[in-house]
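Inside the fold
Chain residues, written in single-letter form:
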Amino acid sequence: MAGLSDRMIAVAGMVTPGKRVADIGCDHAYTAIYLMEKGIAENVIAMDIGAGPLEIAAKNIEVAGFADKIETRLSDGFAKLRAGETDCAVIAGMGGGLIISILEKGRDIITPGYELVLSPQSDIDEVRRYLRKCGHYINKEIILSDQGKLYNIMRIDAFKNQSEGRDETAFEDIFDEYGEYLLKHPSELFLDHLNSEIDKKRNLITYLSQCGGDSASGRLEVIKRELGMAEKAKDYIEGTAYGKGKDD
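What you see is a predicted model; the values in this text were computed from it and never measured. (Residues numbered from 1 in each chain as written. Predicted model: local features only at pLDDT ≥ 70, side-chain atom pairs only at ≥ 80, totals over all residues. Heavy atoms only, no water.)

Thoughts on the overall build of the protein
Applicable threshold: Comment: elements are numbered from the N terminus, with helices defined as DSSP H or I runs of at least four residues and strands as E runs of at least two. Each residue's exposure class comes from its accessible area (1.4 Å probe, protein chains only) as a fraction of the maximum for that residue type: buried when under 20%, exposed when over 50%, partly exposed otherwise. Note on definitions: a residue-residue contact is assigned when non-hydrogen atoms from the two residues lie within 4.5 Å. Here the accessible surface of atoms and residues is derived via Shrake-Rupley with a 1.4 Å probe, and residues count as covered only by protein chains that are part of the display. Counted as positive: Lys and Arg. Counted as negative: Asp and Glu. His and the chain ends are not counted at all. Positions of charges follow a simple convention, taking NZ of Lys, CZ of Arg, CG of Asp or CD of Glu.
Counting its secondary structure elements, the protein contains nine helices and seven strands. Its C-alpha atoms give the protein principal-axis dimensions of about 65 × 45 × 30 Å. Buried positions account for 44% of the 248 residues belonging to the protein. Taking all contacts inside the protein whose residues are at least 6 apart in sequence as the whole, residues at least 24 apart take part in 68%. As presented, the protein carries roughly 12500 Å² of accessible surface, and 47% of it is formed by carbon and sulfur atoms. Distance between charge centres in the protein, computed from 31 positive and 42 negative side chains, equals 1 Å.

Spelled out as structure tokens, the structure:
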């Protein structure tokens, strides 16, 4: 629909069809309307902390003809949502720290089997780490470019125990940093981004190595650690992280 970015169309596309959806931070309800237009959601509760955006959302919903399928609520995160009313929540367009706070306060809503569709604007590694420590499973994650900026979108099964029969706890650091799903299903865009990051860090290390002073030295150590993580991620993708090649 008009007004919806490629990123938010992709966010909506991550929702499993037939879900009762809570659109947290709905703004003007474009995503909620799209979910109904495309027949993805059974119904939507569009929620926002701002009264102004919610008034506009209600008008947009009325014009789109979905007043009987999309309800609006003034709410800080999950606060005005009752347990069992929805089985999926969409939270996008916020910083990672805020998303973590919303998820933490919504623990009574996020029960086993609940679906989360998240697109953090920052601190994506912290969001993944939080999800892992809570026992949530990211069953799909994509990376896309929208207006020259990269965005991550992930779909989560709450409290789903996932095991592939191989102990991969040694890779939790790169899973948190780069995304387990992305490392196991690397797209061309993801590979280009990872290789670009490796090249940038190597060039920066060369530059900082020629500089003097404590500031450059401290920065150099940080970049070296970041490069080590990026190279470990690439080794994982190439199948060499276990000490053997892909075809072994």
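Some remarks on the packing of helix α1 (residues 6-13) against helix α2 (residues 30-37)
As a reminder, the rule being used: For helices, the fitted line uses only the C-alpha atoms of the stretch in contact; every axis is such a line through C-alpha atoms, and the angle between N-to-C directions lies from 0 to 180 degrees. Roughly parallel here means an angle under 35 degrees, roughly antiparallel means over 145, roughly perpendicular means 65 to 115, and every remaining angle is called oblique. By convention, the crossing between two helices is left-handed when the near helix turns anticlockwise from the far helix through less than a right angle, and right-handed when the turn is clockwise.
Between α1 and α2, the least distance of the axes is 10 Å, while the angle of their chain directions is 50 degrees. Accordingly, the angle class assigned to the pair α1 and α2 is oblique. Once α1 is placed against α2, the crossing between them reads as right-handed. Contact with α1, carried on its side by M8, I9 and A12, involves T31, Y34 and L35 of α2 and no other residues of that element.

Quick look at the side chain of K201
Topologically, K201 is positioned in helix α8 (residues 188-209). When sequence neighbours within four positions are dropped, the list of residues in contact with K201 reads I223, E226 and L227.

Observations concerning the pairing of strand β4 (residues 88-94)
Stated formally: For two strands to be treated as a pair, DSSP must find at least two bridges joining them. With the strands pointing away from the viewer, any crossover whose connection runs clockwise from the first strand over the helix to the second is right-handed.
The element β4 is largely enclosed, with a buried count of six among its seven residues. Across four bridges, the pairing between strand β1 (residues 19-24) and β4 is parallel. When the bridges of β4 are listed, A22 appears paired with A89. As paired elements, β4 and strand β5 (residues 115-120) share six bridges and run parallel to each other. Residue pairing for β5: M94 is matched across the bridge by P120. The β-α-β motif built from β4, the intervening helix α4 (residues 96-105) and the parallel element β5 has right-handed crossover chirality.

So, the environment of D23
Its place among the elements puts D23 in strand β1. Residue classification places D23 among the buried residues on the basis of a relative accessible area of 4%. The spatial distance from the C-alpha of D23 to the C-alpha of I70 is 9.9 Å, given a sequence separation of 47 residues. When sequence neighbours within four positions are dropped, the list of residues in contact with D23 reads T31, A32, V44, I45, A46, M47 and V90.

Here we look at the sheet that holds strand β7 (residues 149-157)
If you walk across this open sheet you meet the seven strands as β3-β2-β1-β4-β5-β7-β6, and the pairing is mixed. Edge positions in the sheet fall to β3 (70-74) and β6 (137-146), since each of these pairs with one other strand and no more. Sheet twist, expressed as the mean angle between neighbouring strand axes with direction ignored, is 15 degrees. Note: β1 against strand β2 (residues 41-48), six bridges, orientation parallel. By the bridge assignment, A22 is partnered in β2 with I45. Set on the sheet, α2 makes contact with β1, β2 and β3; between it and β2 the angle comes to about 175 degrees.

Some details on the nonpolar core
Going by this rule: What makes a nonpolar core is a set of buried Ala, Val, Leu, Ile, Met, Phe, Trp, Tyr and Cys residues whose side-chain atoms join them at distances within 4.5 Å.
In this structure, V15, V21, L35, V44, I70 and V117 are the most contacted members of the largest nonpolar core, which totals 31 residues. The biggest single contributor to this core is α2, with five residues. Sequence-distant contacts of V15, that is, excluding residues within four places in its chain, are made with V21, L35, I40, C88, V90, E115 and V117.

Treat this as a map of the structure, not an account of what it does.
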